[in-house]
Structure formats: C-alpha cells, structure tokens
Amino acid sequence: MPVRATNPLWATGGAVATDIVNGAMWAADHGARVVTISFGGGSGAYVQDLGATLRSRRVLLVWPMDNAAINYGASFDHPDVLVVGGTDAGDQPYASGSFGRAIDVSAPAVNLYTTQLGLSWYVTGNSFAAPMVAGAAALVLSVASELTPTQVEQVLRDTADDLGLIGRDDRFGWGRLNVGHAVWLAPLRQMSIGPDHPAPAPEVRARYSVEDLYRLSTDATDLNGDGGFDDGDRRVRQMLLRVE
C-alpha cells in the first residue's frame with residue numbers, strides 16, 4: 001500500500017521524521033508486514049527506534065543507504081532495520097552509494113527501467129534498491145507466512161550472492177539480493193524452525209523440482225539457518241523427500 005508522508009506544499013517533496021514514522025505506523029496498523037522508506041537520514045537513531053517498534057509488531061522495516069558516497073564505517077548499525085546498499089549492472093558497488101557496517105544486503109541501483117506519471121525512464125539510486133529488497137521480503141512471506149521479520153531478514157541474507165570480500169563486508173553487506181533463492185529457501189526454513197515440523201502441504205512440495213529434491217538429498221544444506229547441518233535439517237529433508 002502506498003502511504004504519503006511528504007508535504008505536498010514543499011517543492012522538494014520532503015518530509016519530517018515525525019511524518020515518516022507516523023506513515024510507517026499507519027501501514028503497520030493496516031496490515032503491512034513489510035515497510036520500505038526511501039529517504040536519506042538512515043543513520044538517525046529514530047530509524048532504529050522505528051525498526052524495533054515495527055519488528056515488535058511483526059513488521060520488517062527496509063531502509064536504503066543514502067547516495068552521498070560516505071564511508072560511515074562503524075558509526076551506526078541498526079539491528080532492527082534491514083539496510084540496503086546498491087550495485088550496478090556489473091555487480092560492483094553503486095559509485096554514489098554510501099557504505100559501512102550498517103549494510104545488510106545490496107540490490108541493483110543503477111539505470112533501472114521504471115515509470116513516472118505515465119512515462120518510462122531510467123532511474124539510479126539506493127532509493128530504488130530498497131523496494132526490490134522489500135518486494136523480495138514480501139515474496140518470502142507469501143510462501144512462508146509464519147516467519148518473523150528477523151527470520152525473513154535472515155533468509156534474504158543467507159541467500160544473497162556473496163560479492164566483494166568473502167562473507168559480510170561494508171560494501172555489499174551479505175551480498176546482492178537473490179530473489180529466486182530466497183523464495184526457494186523460505187518454505188524449508190519455515191518447516192525447519194516450526195515447533196511441530198509438520199509435513200509440507202502438497203502445494204509446497206510441488207514447488208521443488210526433481211533437481212531440487214536431488215540437491216537436498218545429496219547436499220548438507222543448512223535449512224534452519226543455524227550455520228550447520230543438524231537433525232532439524234535432516235527432519236525437513238526427510239519430510240520433503242517422502243512420497244505418500
């Protein structure tokens with residue numbers, strides 16, 4: 001749902017923090033599970049406060065790094081906000097994008113084809129990368145609706161394509177968004193962390209091809225996100241591979 005927080009009387013289309021917070025809270029109160037806000041100022045303490053409040057309501061807040069090419073280093077890192085960096089067509093960092101420890105994942109931010117007022121054009125900026133991540137989070141919830149915001153974020157991190165330094169780094173976070181991999185993993189993650197580990201419904205099992213099932217039967221895939229292959233992972237694998 002689109003929620004307007006900007007002041008229509010301002011030529012720049014700006015907004016104050018109070019309006020942004022109120023808009024996000026309104027969205028949460030009206031059923032949103034993911035909120036994305038494409039404004040600068042992501043280093044502000046109120047962003048973490050808003051993220052923590054939304055997360056307590058089972059809502060994930062997604063926020064882009066700004067486009068000022070600033071190295072924020074370790075000056076801020078919001079644990080309750082999914083902070084997004086930008087990449088270009090060559091999977092290199094977006095040149096004007098700021099960076100630092102706060103980045104969790106990255107997404108395309110350069111020369112993106114879109115529309116405005118009925119016209120088609122190309123846009124650039126982290127403000128366009130963040131909605132891609134928010135859309136991916138929504139897709140994850142569409143196939144695994146019981147996941148918490150923290151678990152959704154973990155799925156996106158775990159399935160991102162690692163770029164730059166091995167593991168997490170200040171340019172890409174955990175890597176560039178991989179929507180297909182995230183949607184593939186999400187139902188398995190939900191099954192692996194559920195209290196009763198129920199057998200997957202036929203429509204869930206149908207999402208996985210013969211190749212997927214073979215991969216699960218031969219690889220030690222970490223399904224529950226605990227960093228290893230254990231009994232919880234084996235249980236989900238056995239349920240998914242079981243023929244009834």
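Computed from a predicted model, the values in this text were never measured in an experiment.

Student: Teacher, can you tell me more about the pattern of salt bridges here?
Tutor: Opposite charge on two side chains permits them to pair, given that their charged atoms come into close proximity. This model, assessed by the stated rule, comprises nine salt bridges. Residues Asp104 and Arg157 are paired through a salt bridge, measuring 2.6 Å at the closest nitrogen-oxygen approach. With a gap of 53 residues between them, Asp104 in the loop between strand E5 (99–100) and strand E6 (105–108) and Arg157 in helix H4 (residues 149–159) connect regions that are remote in the sequence. Exposure remark for Asp104: the relative accessible area of 4% places this residue in the buried category. For Arg157, a relative accessible area of 22% corresponds to the partly exposed category.

Student: When you look at the environment of Phe39 in this model, what are you seeing that I'm missing?
Tutor: If you trace the backbone, Phe39 turns up in the loop between strand E1 (34–36) and helix H2 (45–56). In this structure, the C-alpha to C-alpha distance between Phe39 and Pro149, residues 110 residues apart in sequence, is 21 Å. If we ignore the near neighbours within four places in the chain, the residues touching Phe39 are Thr6, Ala15, Ile20, Trp63 and Pro64.

Student: Quick question: what am I supposed to make of the packing of helix H3 (residues 126–143) against helix H5 (residues 179–193) here?
Tutor: Geometry of a packed helix pair, given as the angle between the helix axes and the separation of the axes. It is the contact of H3 with H5, at a shortest axis distance of 8 Å, that shows an interaxial angle of 30°. It follows from the interaxial angle that H3 and H5 lie roughly parallel. Note that H3 runs across H5; the crossing there is right-handed. Where H3 approaches H5, its residues Ala136, Leu139, Val140 and Val143 are matched on the opposing element by Val179, Ala182, Val183, Ala186 and Pro187. Its residues assigned to classes, the contact of H3 with H5 shows nine nonpolar, no polar and no charged.

Student: For this particular structure, what's the right way to read the side chain of Asp104?
Tutor: Separated by 2.6 Å, the side chains of Asp104 and Arg157 make a polar contact. Residue contacts for Asp104: discarding those within four places in its chain leaves Val81, Leu82, Val83, Glu153, Arg157, Phe172, Gly173, Trp174 and Gly175.

Student: Got a minute to help me understand the packing of H4 against H5 in this structure?
Tutor: Between H4 and H5, the least distance of the axes is 9 Å, while the angle of their chain directions is 130°. Between H4 and H5, the angle falls in the class oblique. As H4 packs across H5, the resulting crossing turns out to be right-handed. When H4 is examined against H5, the residues Gln151, Gln154, Val155, Leu156, Asp158 and Thr159 are found in contact with a partner set consisting of His181, Ala182, Leu185, Ala186, Arg189 and Ile193. Among the residues making up the contact of H4 with H5, the classes are represented as six nonpolar, four polar and two charged.

Scoring rules and cut-offs
Residues numbered from 1 in each chain as written. Predicted model: local features only at pLDDT ≥ 70, side-chain atom pairs only at ≥ 80, totals over all residues. Heavy atoms only, no water. Salt bridge = Lys/Arg side-chain N within 4 Å of Asp/Glu carboxyl O. Helix = DSSP H or I, 4+ residues; strand = E, 2+ residues; numbered from the N terminus. Buried < 20%, exposed > 50% of the residue type's maximum accessible area, 1.4 Å probe, protein only. Contact = heavy atoms within 4.5 Å. Axes fitted to C-alpha atoms, helices over the stretch in contact; angles between N-to-C directions. Parallel < 35°, antiparallel > 145°, perpendicular 65-115°, else oblique. Left-handed = near helix turned anticlockwise from the far one by under 90°. Nonpolar A, V, L, I, M, F, W, Y, C, P; charged D, E, K, R; others polar. Polar contact = N/O pair within 3.5 Å; in protein donor to acceptor, adjacent residues only side chain to side chain.

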